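Understanding the architecture of this molecule
So you can see what is in the structure, the chains are spelled out below.
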Amino acid sequence: MALEHALLVALSERPASGLELTRRFDRSLGFFWHATHQQVYRVLARMEADGWVTVEIVEQEGRPDKRVHTPSEAGRRVLADWLAEPMPVETFRSDLAVKLRGASYGDRARLLGHLADTRADHALRLAAYEQMEREQFPDPASLDDARRDQWLVLRGGIRLERFWIDWITEYAQAHEGFEARSARTSTTEKD
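Residues numbered from 1 in each chain as written. Predicted model: local features only at pLDDT ≥ 70, side-chain atom pairs only at ≥ 80, totals over all residues. Heavy atoms only, no water.

1. A word on the overall build of the protein chain
Rules: Numbering goes from the N terminus for both helices and strands, where a helix is a DSSP run of H or I of at least four residues and a strand is a run of E of at least two. To get the radius of gyration, use the C-alpha atoms; to get the globule rule, take the number of residues to the power 0.38 and multiply by 2.2 Å. The contact rule is simple, with two residues in contact once any of their heavy atoms fall within 4.5 Å. For the accessible areas, the method is Shrake-Rupley and the probe is 1.4 Å, while residue cover comes only from the protein chains on display. Positive residues here are Lys and Arg, negative ones are Asp and Glu, while His and the chain termini are left out of the count. Each charge is placed at NZ for Lys, CZ for Arg, CG for Asp and CD for Glu.
In terms of helices and strands, the protein chain carries 7 helices and 2 strands. For the protein chain, the succession of helices and strands along the chain, N to C, is α-α-α-β-β-α-α-α-α. Over its C-alpha trace the protein chain gives a radius of gyration of 23 Å, far above what one expects of a compact globule, namely 16 Å for 191 residues. Judged by the C-alpha coordinates and their principal axes, the protein chain covers about 80 × 45 × 35 Å. In the protein chain, 57% of the contacts between residues at least 6 apart in sequence involve partners at least 24 apart. If you sum the accessible surface of the protein chain, you get close to 13,200 Å²; carbon and sulfur atoms cover 53% of it. One way to put it: in the protein chain the 27 positive side-chain charges average out to a point 3 Å from where the 32 negative ones average out.

As structure tokens, then:
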């Protein structure tokens, strides 16, 4: 997926200035697709040059004029074509997975300490997602299609965070048990 597609989705949900878009992106799509503010502005400019978005100049009192971006007909076609393409199988690329696999060749205790921090980060994100769900989607049965899509993506994020927490917990518990058994074995062997 290109950043252009993520921005077209966000702008289809609600037209926005670059600043508004970067703020919304940070609070929603940014959980699933990372982009810096500079990248967002650069891609918006390219999308405007390519005719994928139209820009309305909105005067503001005491501040520079605001440029509000909306998908153009060409942009809506690009988005529709992209949505209709077959989806590749998601690849799993994770520094964490490689570190866990290689833990036997380094300082496992230190890795386990970092793992506790990583688990805590995922727990915080899970709590934030669950809070968003309670606040933004209190009655999922009443949602229209667009809001239901947003809710279901958030549900995917919740499940993903639960996966990370469960996997990290399983790994840590397996090694805590192993380390306790190893300590007992080495104590027994010394006697």
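2. Describing a nonpolar patch on the surface
The following threshold applies: Patch definition: residues with relative accessible area over 30% and no salt bridge; like charges joined within 9 Å; nonpolar side chains (Val, Leu, Ile, Met, Phe, Trp, Tyr) joined within 5 Å. Salt bridges are defined as contacts in which a side-chain nitrogen from Lys or Arg sits within 4 Å of a carboxyl oxygen from Asp or Glu. Buried, partly exposed and exposed residues are distinguished by accessible area as a fraction of the type maximum, computed with a 1.4 Å probe on protein chains only: under 20%, between the cut-offs, and over 50%, respectively.
On the surface, Phe92, Leu160 and Phe163 cluster together into a nonpolar patch covering about 290 Å² of accessible area. Looking at where Phe163 falls in the secondary structure, it is placed in helix H7 (residues 145-190). On the basis of relative accessibility, which here comes to 36%, the residue Phe163 falls in the partly exposed class.

3. Observations regarding the packing of aromatic side chains
The geometry of an aromatic ring pair comes down to the distance between the two centres and the angle between the two planes. Stated formally: Pairing of aromatic rings covers Phe, Tyr and Trp, the last through its six-membered ring, and needs centres within 6.5 Å; plane angles under 30 degrees mean stacked, over 60 mean edge-to-face, and all others mean tilted.
Evaluation of the coordinates by the stated rule reveals 3 aromatic pairs. With 5.2 Å between their ring centres and 65° between their planes, Phe163 and Trp164 make a pair best called edge-to-face. Owing to a relative accessible area of 13%, Trp164 belongs among the buried residues under this scheme. Relative to Trp167, the ring of Trp164 lies with its centre 5.7 Å away and its plane at 40°, an arrangement referred to as tilted. Here Trp164 pairs with Trp167, and both are found in helix H7, just 3 residues apart, close to one helical turn.

4. What about the UniProt feature "domain: Transcription regulator PadR C-terminal" (unreviewed entry) in the protein chain?
Note the threshold: UniProt positions are given in the numbering used here, feature names are shortened, and annotations may be inferred rather than shown by experiment.
Those residues carrying the UniProt feature "domain: Transcription regulator PadR C-terminal" (unreviewed entry) are residues 93-174 in this numbering. Helix makes up 82% of residues 93-174 and strand 0%, whereas the separation of the span's terminal C-alpha atoms amounts to 23 Å.

5. Re a positive patch on the surface
On the surface, Arg14, Arg23, Arg27 and Arg63 cluster together into a positively charged patch. In this fold, Arg63 is placed in the loop between strand S1 (53-58) and strand S2 (66-71).

6. A look at the environment of Trp164
Along the chain, Trp164 and Arg119 lie 45 residues apart, while their C-alpha atoms are 7.3 Å from each other. When neighbours within four sequence positions are excluded, Trp164 is seen to be in contact with Phe92, Ser94, Leu96 and His122.

7. Section: the nonpolar core
Under the convention used in this document: Only buried Ala, Val, Leu, Ile, Met, Phe, Trp, Tyr and Cys residues count toward a nonpolar core, and they belong to the same one when joined by side-chain atoms within 4.5 Å.
If you look at the biggest cluster of nonpolar residues, it comprises 16 residues, and the most contacted ones within it are Leu3, Leu7 and Leu21. Among the secondary structure elements, those contributing two or more residues to this core are helix H1 (3-13), helix H2 (18-27) and helix H3 (37-49). If one sorts the elements of this core by residue count, H1 sits on top with 6 residues. Beyond its immediate sequence surroundings of up to four residues, Leu3 is in contact with Phe25, Trp33, Ala35, Gln39, Val40 and Val43. In this structure, Leu100, Ala103, Leu111 and Ala172 belong to the second largest nonpolar core, which totals 10 residues.

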